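# Coordinates in review
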Amino acid sequence: MTTYAYAKHGKYVGGDISLLPQYEKHNSPYLDEDNQPIEDLIHWFIDECGWNTFRVRLFVNPDSINDPGVCQDLEYVKQLGKRIKDAGAFFMLDYHYSDTWVDAGKIQAPRVWEKCTIDQKADSIADYTRRTLQELIAYGATPDMVQVGNEIMYGFMGVRVHPYLDDKDDWNGFLKILKAGCDAVREVLPSAQIIIHTDRLANQQYNKFYYGKLLENGVDFDVIGLSYYPFWHGDLSTLSSTVRTLRTAMPGKEIHLVETAYNYQWGPSDAVCKDWEFTKEGQASFLHDLVDTLNALDVKALYYWFPEECGNGKSSTVQRGWINRGLWTNGNSPHALNSREALDAFKAFAPTTGVKDIKSAGTCNADNIYDMCGRRLYAVPEHGAYIRGNEKFLCTEK
C-alpha cells in the first residue's frame, strides 16, 4: 500500500464518502483515468489524490424509506470508519442529530427527542454522543474530528436561532444543547478537533454574529467549518472576504472548508455565480482556482462533498436523483472518471513530503512518532500509518 504524508504542511484534504459502501454493495464500479477498475476507492483517493481525511455522516434512526441516501446508522458508520482508520487516514464524524437531512435551515430533531424539553434534549444529546463515540472507539473507528451538528447556523434539534437579532429565537436553549454535545465530545475524545459547521458563507456579518455568539457564551470548539458552493454562495472573492472577516474576529480558531463541490453537468439554472462552466473541464478549473485561493488564505483543510457519486444505483437503491457534482460520470456502469486535472488540484492543496513507502513495523512504541499531519505522538499509537524520521510505517499492533 502507498500513502502520502502531510507532516510538512499540516493540512487536511479529503471528502465526504458517506454513500461509498452503498455503491459498492450495489455493484457500481469506478474506473481510473486509464479506464481500469478501481479495487478500493479509499486507498485510491489516498494514493492518487493525496487525501488524508474522510468524512462520514451519522443519523440517529435513519429514514431510508423516504431517501435511500439517508442510511448511515451507527453500525454503518462503525464499519466505514474502521476502514478509514485501517487505511491510515483521519476520520471526521459528522453528527446530524436527526433522522434525516439537517442542512440549510432544516432543524428537525430525531423522532425520539421531538417532544423533549430543552433540558431533556441536552441530556439526550450528551448521552447519545458519549455512547456513540465510545462504541466507535471500541470498534477501532476513533474519530479525529467531530462535527457537532451539520450546517447549524439556524439551529438544530428543533430549536431555532438566527445569525441576527430576532425576538423569536431561543438562543439559551440552543446554546445549552450545543454545549452538551461539545462537552460530551471533549470528555470522551479530549484531543479530537470539535467543528461547528455553518452554511451561510456569503454573508460575512451573519458568520461574525453567529460564531461571536458561541464564543461569548463559552461553547467549546476548535474549528469554524464552512460550506462553500459557488453557485449558491458567490465567487471566490466572497469566500476570501468571509475567511478574512472570521480570522480577524476569531484569531484562535482554525477555519476549514468542510464542504465544497461543483457540477460537471446540469448546474443550477439560478446559480448566483457562473465563473466556471458546468462541464468536466469547468469542475477541474473550479477546483484549481479554489485551491489557489485557499492556499493564499492559509486555510488548513479542504473536503469535497459526495465525490463518490456515480448514479442512483440499480433501481435507485443508492439515491433517487442525480446531483452531478461527483468525480465520476453518472449513467451507465462502469463509471468513468471525469478528469485527471480535478484530482491534481487536491495534491496542489497539500503537496506531499516525498515520504511514500510504508514499512510494516508490527509492534509500535511512541519514540519520535508523528501522525500524518506532523503532530508528535506521546503515547503508543493505534494501528495505522505514521511517520518516524524519513520513513512512513504501518503499525499493526500495540
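Structure report, in brief. Predicted model only: the values in this text are computed from it and were never measured.

Once that is clear, we can look at the packing of aromatic side chains. Summed over the entire model, instances satisfying the criterion amount to 37 aromatic pairs. Residues phenylalanine 59 and tryptophan 101 carry aromatic rings whose centres are separated by 5.9 Å and whose planes lie at 90° to one another, so their mutual orientation is edge-to-face. Residue phenylalanine 59 is located in the loop between β2 (53–58) and α3 (74–86), and its partner tryptophan 101 is located in the loop between β3 (90–95) and α4 (118–139); the two are separated by 42 residues in the primary sequence. Aromatic rings pair up to connect Tyr23, Tyr30, Trp44, Phe45, Trp51, Phe54, Tyr304, Trp305, Phe306, Trp328 and Phe346 into one cluster. A cation sits over an aromatic face here: lysine 11 above phenylalanine 349, 4.3 Å from the ring centre. Geometry around phenylalanine 221 places lysine 253 over its ring, the cationic atom sitting 4.3 Å from the centre.

One can find serine 18 in the loop between β1 (12–16) and α1 (20–25). Judged by relative accessible area, which is 0%, serine 18 ranks as buried. Within the local environment of serine 18, its side chain forms a polar contact with the backbone nitrogen of arginine 57, the two atoms lying 2.9 Å apart. The residues contacting serine 18, other than those within four sequence positions of it, are Arg55, Val56, Arg57, Gln72, Tyr76, Leu80 and Glu308.

One can describe the packing of α3 onto α4 by two numbers: an axis separation of 10 Å at closest approach and a directional angle of 40°. Comparing the axis directions of α3 and α4 gives the class oblique. With respect to the hand of their crossing, α3 and α4 are arranged in right-handed fashion. Contacts from Leu74, Glu75, Val77, Lys78, Gln79 and Lys82 in α3 reach Arg131, Thr132, Glu135, Leu136 and Tyr139 in α4. Class assignment for the residues of the contact of α3 with α4 results in four nonpolar, two polar and five charged.

Below, the discussion takes up helix α2 (residues 41–49). Counting buried positions over the nine residues of α2 gives seven, a clear majority of the element. If you check which residues of α2 are buried, you get Leu41, Ile42, Trp44, Phe45, Ile46, Asp47 and Cys49. Those residues of α2 that are buried lie in contact with α1, β2, α3 and α10 (340–349). Directly beyond the C-terminal end of α2, a positive phi value near 75° is found at glycine 50.

Rules of the game
- Residues numbered from 1 in each chain as written.
- Predicted model: local features only at pLDDT ≥ 70, side-chain atom pairs only at ≥ 80, totals over all residues.
- Heavy atoms only, no water.
- Phe/Tyr/Trp six-rings, centres within 6.5 Å; stacked < 30°, edge-to-face > 60°.
- Helix = DSSP H or I, 4+ residues; strand = E, 2+ residues; numbered from the N terminus.
- Lys NZ or Arg CZ within 6 Å of the ring centre and 35° of its normal.
- Buried < 20%, exposed > 50% of the residue type's maximum accessible area, 1.4 Å probe, protein only.
- Polar contact = N/O pair within 3.5 Å; in protein donor to acceptor, adjacent residues only side chain to side chain.
- Contact = heavy atoms within 4.5 Å.
- Axes fitted to C-alpha atoms, helices over the stretch in contact; angles between N-to-C directions.
- Parallel < 35°, antiparallel > 145°, perpendicular 65-115°, else oblique.
- Left-handed = near helix turned anticlockwise from the far one by under 90°.
- Nonpolar A, V, L, I, M, F, W, Y, C, P; charged D, E, K, R; others polar.

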